[in-house]
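Summary of the model geometry
Each chain is listed here by its residues.
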Amino acid sequence: DDIWLRAVHETPGGDFLAAGMRYANDTGYDGWIMKFDGNGDVVWQRYYDPSGSFWSIEDAHDGGYVLAGCSSNYLWLVHIDEDGAVLWQKTYGQADDSDYRHICRTADGNYLVSSCSYRLGTGFYNIWVLKVDPAGDILWQACYGADSSLDRAAQVGESTGGELMILGTRSDRYWLLSLPQDGLL
């Protein structure tokens, strides 16, 4: 088995989560996550959904964790409890909406998620941002970018002033979007 590490996250209790994907000859790709303590001892390790991969980890509002990744080239969110049991999982978008997935918890009790959306027939992508509630239901979603460029979100966050921040790339340049809570420009 080969493991590709994509994200590391310190838990509120001082443990750590590492996530990414595992390639096994018999099953292909699986979403992979491991919890280990401050001494580096493995607490547990889990594999989810053949053809999945995780890219980002966030503390859930209820004490578990929410992971952002892709499954069969769809945006994939998985909410797990502190022992790695799945509480819910959902996919979003269309095939190929699966590049650079990130998640952050927002002060209003929801989650901000970024990915990119492929514009069929153009060969280009737009930054795709979703705000979802604690059950993973979409509150709003929007795409940002130009019609003839390769726009990707690299990271999301929320400022102390409440603006939603999206760091992204356009071809060979970086750009930063600052959005209000409703995502409207």
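Before any of the text, the structure's been laid out above.
Because the structure is predicted, anything quoted here is derived from the model rather than measured.

This part is about the pairing of strand β15 (residues 173–179). Pairing of strand β14 (residues 164–170) with β15, which is carried by 7 bridges, proceeds in the antiparallel orientation. Considered in β15, the bridge of leucine 164 is made with leucine 179. Two successive antiparallel strands, β14 and β15, enclose a turn made up of 2 residues, where serine 171 displays a positive phi of approximately 55°.

Below, the discussion takes up the environment of aspartate 151. By the element assignment, aspartate 151 lies in strand β13 (residues 151–158). Since its relative accessible area comes to 0%, aspartate 151 is described here as buried. A sequence separation of 24 residues divides aspartate 151 from isoleucine 127, and the C-alpha atoms of the two residues are 5.6 Å apart. Discounting residues that sit within four places of it in the chain, aspartate 151 has contacts with Cys116, Tyr125, Asn126, Ile127, Tyr144, Gly145, Ala146, Thr169, Arg170 and Trp175.

Before going further, it helps to examine the sheet that holds β15. Working definition: the strands of a sheet are paired by backbone hydrogen bonds and lie parallel or antiparallel to each other. The sheet built from 3 strands is open, its strands ordered β13-β14-β15 with antiparallel pairing. Of all the strands in the sheet, the pair left with one neighbour each is β13 and β15. Sheet twist, expressed as the mean angle between neighbouring strand axes with direction ignored, is 20°.

Let us look at the pattern of salt bridges. Scanning the entire structure with this criterion turns up 4 salt bridges. The salt bridge partner of aspartate 137 is lysine 90, with a shortest N-O separation of 2.5 Å. Taken together, the residues span a long stretch of sequence, with aspartate 137 in the loop between β11 (124–132) and β12 (138–144) and lysine 90 in strand β8 (residues 86–92) at a distance of 47 residues. Here aspartate 137 falls in the partly exposed class, since its relative accessible area comes to 38%. Put simply, lysine 131 and aspartate 108 hold a salt bridge, and the shortest N to O gap is 2.6 Å. Taken together, the positions of lysine 131 in strand β11 and aspartate 108 in the loop between β9 (102–105) and β10 (111–119) put the pair 23 residues apart, joining distant regions of the chain.

Let us now look at the sheet that holds strand β2 (residues 16–24). The strand order across the open sheet formed by 4 strands is β1-β2-β3-β4, and the pairing between neighbours is antiparallel. Sheet topology places β1 (2–10) and β4 (42–50) at the edges, where each strand pairs with a single neighbour. The sheet shows a mean angle of 20° between the axes of neighbouring strands, taken without regard to direction. Of the strand pairs in this sheet, β1 and β2 are connected by 8 bridges, and their pairing is antiparallel. Bridge pairing in β2 links tryptophan 4 to methionine 21.

Once that is clear, we can look at the environment of serine 114. In this fold, serine 114 is placed in strand β10. Note on serine 114: relative accessible area 0%, which makes it buried. The spacing of serine 114 and serine 51 is 63 residues in sequence and 20 Å in space, taken between C-alpha atoms.

Attention shifts here to the packing of aromatic side chains. Inspection of every chain in the model, using the stated rule, returns 5 aromatic pairs. Seen from their ring centres, tryptophan 4 and tyrosine 29 are 5.8 Å apart, and the 45° between their planes marks the pair as tilted. Of this pair, tryptophan 4 sits in strand β1 while tyrosine 29 sits in strand β3 (residues 28–36); the two residues are 25 residues apart in sequence, bridging distant segments of the chain. Site record: aromatic cluster; members linked through ring pairs are Trp4, Tyr23 and Tyr29. A cation over a ring is seen here: arginine 22 above tyrosine 47, with NZ or CZ 3.7 Å from the ring centre. When the ring centre of tryptophan 88 is taken as origin, the NZ or CZ atom of lysine 90, which lies over that ring, is 6.0 Å away.

Rules of the game
- Residues numbered from 1 in each chain as written.
- Predicted model: local features only at pLDDT ≥ 70, side-chain atom pairs only at ≥ 80, totals over all residues.
- Heavy atoms only, no water.
- Pairing = 2+ DSSP bridges.
- Helix = DSSP H or I, 4+ residues; strand = E, 2+ residues; numbered from the N terminus.
- Buried < 20%, exposed > 50% of the residue type's maximum accessible area, 1.4 Å probe, protein only.
- Contact = heavy atoms within 4.5 Å.
- Axes fitted to C-alpha atoms, helices over the stretch in contact; angles between N-to-C directions.
- Salt bridge = Lys/Arg side-chain N within 4 Å of Asp/Glu carboxyl O.
- Phe/Tyr/Trp six-rings, centres within 6.5 Å; stacked < 30°, edge-to-face > 60°.
- Lys NZ or Arg CZ within 6 Å of the ring centre and 35° of its normal.

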